[in-house]
Amino acid sequence: MDVEEGNREIIIGGETVVPGESKLLKISIDRLPTGTLIDIPIYVFNAKKPGPVLLVQAGLHGDEINGIEIVRRMLKQREFKVKKGAVIAVPILNIFGFIHFSRDVPDGKDVNRSFPGTKTGSMASRIAYHYVTEIMHQMDFAIDLHTGGAQRHNYPQIRFTEEDEKSKDLAQIFSPPISFASRLIKGSFRNAAYRMGKPAIVFEAGESMRFDDHAILEGIQGILNVLQHFGMVTKKDPLFVERERTILLKDRKWLRAPTAGMFIPEIINGSELKKGQLMGIVTDTYAKHTKRIKCPFDGYVISVNHQAVVNQGDALFHLGKGIS
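Residues numbered from 1 in each chain as written. Predicted model: local features only at pLDDT ≥ 70, side-chain atom pairs only at ≥ 80, totals over all residues. Heavy atoms only, no water.

**Comments concerning the layout of surface pockets**
If you add up the space inside the largest pocket, you get close to 600 Å³. Looking at the largest pocket, it is lined by 25 residues, and the ones nearest its centre are Arg 103, Arg 113, Arg 159, Ile 185 and Glu 204. Counting only elements with at least two residues in the lining of the largest pocket, the list comes to β7 (141-148), β8 (152-160), α5 (189-195), β10 (200-207) and β11 (247-256). Considering every element that reaches the lining of the largest pocket, the biggest residue donor is β7, with four residues. A breakdown of the residues in the lining of the largest pocket according to their chemical character gives four nonpolar, eleven polar and ten charged. (1 Å grid on protein atoms, 1.4 Å probe; cavity = no way out; pocket = protein on both sides within 12 Å on 5 of 7 lines; lining within 4 Å. Points joined across faces, edges and corners; volume = space filled by probe spheres on them. Helix = DSSP H or I, 4+ residues; strand = E, 2+ residues; numbered from the N terminus. Nonpolar A, V, L, I, M, F, W, Y, C, P; charged D, E, K, R; others polar.)

Below, the structure is given as structure tokens:
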């Protein structure tokens, strides 16, 4: 993946970060009803040597905390002290959602459905607008960190844009356990980046409001893989060995609850499954009726619902066929 290189200043919120400088900046967004000012913290690490600008962001959905912990650990371990290029690291994009344990902002809108936003729109729209105008135009590519929502646990995976070969290349460089092309969603960060001609990938791992150390470590290693690939850092994390291959998926399918009841999974997330293999059961509380859920094709499970009591039609397992 080729990226146009060039030594540059990073300017955010009227403050300039010159080559060789690191700063913590903030973008003021709004106030709480109490008058307390809410702003987005942004770390900028700008090396002296020219190179690409990578945006690493988390907390676009406020309840998805694994990505926030990925960025926090990398900041603590000084992993973003790059030798060339620059890193813009955003630990929590949706501050409002984070403090309310919510995916959305207080008016119920999703920031990740509000890009590119407007200057005088809803709170979500204003957050997106400031983000596009202050940050996104300065990046060369981006890694957007997410988790599963609504008690769905995502096995560590990268989603890229099929129409964008550079994002597919970036996914391969990240080297996750599983990777697949995912359609662009109107109003999403990745869609806005695509329209700006800037490749972006989404790392999905774990579930909302739960720390998952495996997911966190996979995310850290993937970001380090990207930094190392572009020569931005030279350090290699001794906790990991190089992955032989990433499993590329196609023809994904959600399996849904055939009836209401208690849901008991019988497989481990991330497992390779065979057609007809038992995946779980949905049963009533009186042990009178049980529905068995079997794998419809050979493939891999990439998400499991951890909700114990389900209604008919609820999404239980996400499966994908591997591309040989």
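The rest of the description comes next.
**Quick word on the sheet that holds strand β14 (residues 278-283)**
Strands sit in the order β15-β14-β12-β17 across an open sheet of four strands; the sheet is antiparallel. Only two strands of the sheet have a single neighbouring strand rather than two, namely β15 (290-294) and β17 (309-310). (Pairing = 2+ DSSP bridges.)

**Focus: the pairing of strand β5 (residues 49-57)**
Here β5 lies mainly inside the structure; seven of its nine residues are buried. Sheet topology note: the β5/strand β6 (residues 84-90) ladder contains six bridges and is parallel. Each bridged residue has a counterpart across the sheet, and for Leu 54 the counterpart in β6 is Val 87. Remark: the β5/helix α1 (residues 65-76)/β6 crossover connection has right-handed handedness. As defined by bridge partners, β5 adjoins β7 across four bridges and the pair is classed as parallel. By the bridge assignment, Leu 54 is partnered in β7 with Phe 141. (Buried < 20%, exposed > 50% of the residue type's maximum accessible area, 1.4 Å probe, protein only. Right-handed = clockwise from strand over helix to strand, strands pointing away.)

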